[in-house]
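# Structural overview
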Amino acid sequence: MYRVLVVDDEKLEREGIRFLLSMEEGEWEIYEAANGKLALNELRKHPVDLMLTDIKMPHMDGLELSKKQERNIRIWKLSFSAVMEILLLPRRRSAMV
């Protein structure tokens, strides 16, 4: 099981990422936070394998959040378009066959 924290101030974006992850194989335990401060609280309660975060958010942005968590989780800084490409690539390959 993969534990994922999705951090974005836009609820629609969080729901979209949740939906995309649900389409992938495997089991996903998904947590959400609307900003960096709330994400820190979630991380204290639920250690995660992957954190997907927006950059611009109120109270604490994604860059500050990633700096505060560098000791606790492995940080990969990707743009949203790169994440979408990673998630959608297997579907594109299977559609081409």
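Before reading on, note that the structure itself is shown above.
As a convention, each chain's residues are numbered from 1 in the sequence order in which they are written. Local features in this predicted model are restricted to residues of pLDDT 70 or higher, and side-chain atom pairs are both shown and tallied only at a pLDDT of 80 or more, whereas totals for entire chains, interfaces and linings draw on every residue. In computing side-chain properties, one takes all heavy atoms of the structure into account and sets aside hydrogens as well as water.

## Some points on the pattern of salt bridges
Under the convention used in this document: The term salt bridge refers to a pairing of a side-chain nitrogen on Lys or Arg with a carboxyl oxygen on Asp or Glu at a separation within 4 Å. What counts as a helix is a DSSP run of H or I of at least four residues, what counts as a strand is a run of E of at least two, and both are numbered from the N terminus. A simple rule labels every residue: compare its accessible area, found with a 1.4 Å probe on the protein chains alone, to the largest value its type can have, and call it buried under 20%, exposed over 50%, or partly exposed in between.
By the definition in use, this model includes five salt bridges. One salt bridge in this structure joins glutamate 32 and arginine 14, with 3.0 Å as the shortest N-O distance. Placement of the pair is glutamate 32 in strand E2 (residues 28-33) and arginine 14 in helix H1 (residues 11-22), with a sequence separation of 18 residues. Here arginine 18 makes a salt bridge to glutamate 32, at a shortest N to O gap of 2.8 Å. With a gap of 14 residues between them, arginine 18 in helix H1 and glutamate 32 in strand E2 connect regions that are remote in the sequence. Taking relative accessible area as the criterion, arginine 18 reaches 33% and is therefore assigned partly exposed. For glutamate 32, a relative accessible area of 25% gives the class partly exposed.

## A closer look at helix H3 (residues 62-69)
Note the cut-off: In this context, the arc is that of the directions from the helix axis out to the C-beta atoms. Two residues qualify as a contact provided that any one of their heavy atoms is within 4.5 Å of a heavy atom in the partner residue.
Buried residues of H3: Gly62, Leu65, Ser66 and Gln69, and no others. Viewed along the axis of H3, the buried residues span an arc of 95°, placing them on a single side of the element. Tucked into the core, H3 has its buried residues touching strand E1 (2-7), helix H2 (36-45) and strand E3 (50-53).

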